[in-house]
Amino acid sequence: LYFVACSNNSFKIYKAIDTPKNNTDRKDGFMETLQKTCLVFTIIGAIVWGVIGFFDFNLVEWIFGESIISQIIYIIVGICGLINIGILFNHIETD
């Protein structure tokens, strides 16, 4: 995507954003973003489990109580952990 700027009777063309060359680039970018987002959730989940292990204090239930929201958070972290298995195998394939 390009845009044109005009100043002092001259035109300059600027590249606004890098567009993917094909669907593979777009898919790879989406998967990388998804895996990084899931990695953040997995790290937060690991910290919560560390707090439970060290201090016997469940931060999620303290914030949200024993509700459906707590259960949804646990499910999201679990799914993110499963998605992150792909990072392990992707790393093995590239080495």
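Right above here is the structure, for reference.
Model, not experiment: these values are computed from the prediction. (Residues numbered from 1 in each chain as written. Predicted model: local features only at pLDDT ≥ 70, side-chain atom pairs only at ≥ 80, totals over all residues. Heavy atoms only, no water.)

1. Focus: the overall build of the chain
The condition is simple: Under the scheme used here, helices are H or I runs from DSSP no shorter than 4 residues and strands are E runs no shorter than 2 residues, and both carry numbers assigned from the N terminus. Residue contacts are counted whenever heavy atoms from the two residues lie within 4.5 Å of one another. Accessibility throughout is a Shrake-Rupley quantity obtained with a 1.4 Å probe, and a residue counts as covered only by protein chains that appear here.
A tally of helices and strands in the chain yields 3 helices and 2 strands. Mapped in sequence order, the helices and strands of the chain form the string β-β-α-α-α. Residue pairs at least 24 apart in sequence account for 33% of intrachain contacts in the chain once pairs closer than 6 positions are excluded. When the accessible surface of the chain is split by element, carbon and sulfur atoms take 67% of a total near 8,100 Å².

2. A closer look at the environment of Asn-58
As a reminder of what qualifies: Burial classes follow relative accessibility: with a 1.4 Å probe on protein chains only, a residue under 20% of its type's maximum area counts as buried, one over 50% as exposed, and anything between as partly exposed. Between N or O atoms, a polar contact is any pair within 3.5 Å; within protein, one atom must be a potential hydrogen donor and the other a potential acceptor, and residues adjacent in sequence are included only when both atoms are from side chains.
With respect to the secondary-structure elements, Asn-58 resides in the loop between helix H1 (23-55) and helix H2 (59-64). For Asn-58, a relative accessible area of 22% corresponds to the partly exposed category. Spatially, the C-alpha atoms of Asn-58 and Val-48 are 7.1 Å apart, while their sequence positions differ by 10 residues. Every residue in contact with Asn-58, bar those within four places of it in the chain, is listed here: Val-48, Ile-52 and Tyr-74. Polar side-chain contacts of Asn-58 include one of 2.9 Å to the side chain of Tyr-74.

3. Some remarks on the pattern of salt bridges
Opposite charge on two side chains permits them to pair, given that their charged atoms come into close proximity. Stated formally: What makes a salt bridge here is a side-chain nitrogen of Lys or Arg within 4 Å of a carboxyl oxygen of Asp or Glu, nothing more.
Per the stated rule, a full pass over the model turns up 1 salt bridge. Lys-36 is the partner of Glu-32 in a salt bridge, and the nearest nitrogen-oxygen pair spans 3.2 Å. Of this pair, Glu-32 and Lys-36 both sit in helix H1, 4 residues apart, which is roughly one turn of the helix. Under the relative-accessibility criterion, Glu-32 is labelled partly exposed at 43%.

4. Topic: the state of the cysteines
As a reminder, the rule being used: By convention in this document, the label disulfide applies to cysteine sulfur atom pairs within 2.5 Å.
Enumeration over the complete set of coordinates arrives at 0 disulfides. Take Cys-38: it sits in no disulfide, and the sulfur closest to it among the cysteines is that of Cys-80, at 3.5 Å. Of the residues examined, Cys-38 reaches a relative accessible area of 4% and is grouped as buried. Assessed through its relative accessible area of 6%, Cys-80 is described here as buried.

5. Digging into the packing of aromatic side chains
How two aromatic rings sit relative to each other is given by the distance of their centres and the angle of their planes. What counts is decided by this rule: Stacked, edge-to-face and tilted labels apply to pairs of Phe, Tyr and Trp rings (six-membered ring for Trp) whose centres lie within 6.5 Å, assigned for plane angles under 30 degrees, over 60, and everything in between, in that order.
Scanning all chains against the criterion turns up 2 aromatic pairs. Between Phe-54 and Phe-55, the ring centres sit 6.3 Å apart and the planes meet at 50°, which makes this aromatic pair tilted. Each member of the pair, Phe-54 as well as Phe-55, is classed as exposed. A ring pair is formed by Phe-57 and Trp-62, whose centres lie 5.8 Å apart and whose planes are at 55°; its orientation type is tilted. Trp-62 gets classed as exposed once you look at its relative accessible area, which sits at 61%.

Coordinates in, geometry out; function isn't part of it.
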